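# Residue-level structure breakdown
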Amino acid sequence: MNDTPKHSLAFWIVFILILLLVAGFIMQAYFMFTLSQKLNIVSQNNASTTNAFTTFSSTTLSRFEENEKKFVQFSDMLYEEQQVTVALTDAVDKFKRQVGKLTGTVDTLEKLTTTDPELLQKYSRIYFLNEHYKPADLSFIEEKFDYVNGKEVTISSEVLPFLSDLLEEAEDDGVDLIVLSGYRSFTEQGTLKNVYTTNYGVGANRFSADQGYSEHQLGTAVDFTSTTIGENLSAFESSEAHTWLLQNAHKYGFVMSYPENNEFYVYEPWHWRFVGKKLARYLDREAKNFYDIEQRDIDTYITSLFD
Ligand SMILES: [Zn+2]
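Here's what I pulled together on the structure shown here. (Residues numbered from 1 in each chain as written. Predicted model: local features only at pLDDT ≥ 70, side-chain atom pairs only at ≥ 80, totals over all residues. Heavy atoms only, no water.)

### Describing the coordination of the zinc ion
Think of it this way: four donors in a tetrahedron around the metal ideally sit 109.5 degrees apart, and six in an octahedron ideally sit 90 or 180 degrees apart. All of the protein donors around the zinc ion are His216 (NE2), Asp223 (OD) and His271 (ND1); their distances to the metal are 2.0 Å. Ordering the donors of the zinc ion by residue number gives the pattern H-x6-D-x47-H. Of the two residues, His216 and Asp223, neither departs from the other in class, the shared state being buried. (Donors = N, O, S within 2.8 Å, 3.2 Å for Na, K, Ca; no water. Buried < 20%, exposed > 50% of the residue type's maximum accessible area, 1.4 Å probe, protein only.)

Shown next, in the form of structure tokens:
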């Protein structure tokens, strides 16, 4: 009998173990293969990602550089715009100044054509005023300030506000200051002179201007007095009113026409003439007399006469 050799149990155990080992090895190999493939894919992906990133970076960078350039260009343009604006503003300012100058010139010209040049002319024994001269417009001074002698006092309407200010200020300071005489026509001046001449003879020349010589005909001159002195003008020099005028009249544009020891006329401490605030202040500051400065220098004040 063929005895089929019987395998022992140990054989089968070894056989199965070998089988399992082989299967395990195959599976492990398979896993390794799959894994390497996956790794490959991942690394490939990685590479493309890196590529993409590099491309992206460089694109972004170039775009950024491009933008930066544009920004610089834009800044430059903006700067140029600003420069243009500054230049334009300067031009506008310059134009404004020119217009201002032109307006000023027009104002000055207007003042020159509308301001009576006679108002700053010298009149005395050697300077003459035309017999037909009459101020453009005359006004009465406030009643409380005129000396009551049956006649109202008039003065150039343009000078009145300055005279009123002066009189009001003196009143506020408690000073007795009023007006004896203002505007006098050529005829009135002649009549007055005749009265004086009849009473005082040729000596009248020393205290009353001949016809045409008087500043009173201009309508800008006044003879001041006080209620206690009235027509007794020789007492005016030592009055409080006179002292006040010496200190304050220039602030209102008035100057004493014929101060003591002047070469043009007898000393008249009561006789004051309106020459404008600017010129009066100048004369006061420099301690000069109206009649002592050149006519051409006086004429430069004509445009500011009523300022
Ligand atoms: Zn006078």
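After that view, the rundown keeps rolling.
### Some remarks on the pattern of salt bridges
Inspection of the entire model under this criterion finds four salt bridges. The partner of Glu171 in a salt bridge is Lys144, with the nearest N and O atoms 3.0 Å apart. In this pair, Glu171 is assigned in helix α2 (residues 160-172) and Lys144 in the loop between β1 (138-140) and β2 (154-156), connecting sequence segments 27 residues apart. In this structure, Asp223 engages Arg184 in a salt bridge whose closest nitrogen and oxygen atoms are separated by 3.7 Å. With Asp223 in strand β4 (residues 221-225) and Arg184 in the loop between β3 (178-181) and α3 (186-200), this pair connects stretches of sequence that are 39 residues apart. Shared partners join several salt bridges into a network, and the residues in it are Lys144, Glu168 and Glu171. (Salt bridge = Lys/Arg side-chain N within 4 Å of Asp/Glu carboxyl O. Helix = DSSP H or I, 4+ residues; strand = E, 2+ residues; numbered from the N terminus.)

### Regarding the layout of surface pockets
Counted as a void, the second largest pocket has a volume near 250 Å³. Around the second largest pocket sit 15 residues that line it, and Val255, Met256, Trp272, Asp284 and Lys288 are the ones nearest its centre. Every element with two or more residues in the lining of the second largest pocket is listed here: α4 (240-248), β5 (254-256) and α5 (277-286). Taken together, the residues of the lining of the second largest pocket break down into 11 nonpolar, two polar and two charged. (1 Å grid on protein atoms, 1.4 Å probe; cavity = no way out; pocket = protein on both sides within 12 Å on 5 of 7 lines; lining within 4 Å. Points joined across faces, edges and corners; volume = space filled by probe spheres on them. Nonpolar A, V, L, I, M, F, W, Y, C, P; charged D, E, K, R; others polar.)

### A short note on the nonpolar core
Nonpolar side chains tend toward joint burial in soluble globular proteins. Ranked by internal contacts, the top residues of the largest apolar core, which has 52 residues, are Leu166, Leu177, Phe224 and Phe254. Taken together, the elements giving at least two residues each to this core come down to α2, β3, β4, α4, β5, β6 (271-274) and α5. Filtering out sequence-adjacent residues up to four positions away, Phe254 remains in contact with Val159, Phe162, Leu163, Leu166, Thr220, Val222, Ala249, Trp272, Arg273, Phe274 and Ala280. (Core = buried A, V, L, I, M, F, W, Y, C linked by side-chain atoms within 4.5 Å. Contact = heavy atoms within 4.5 Å.)

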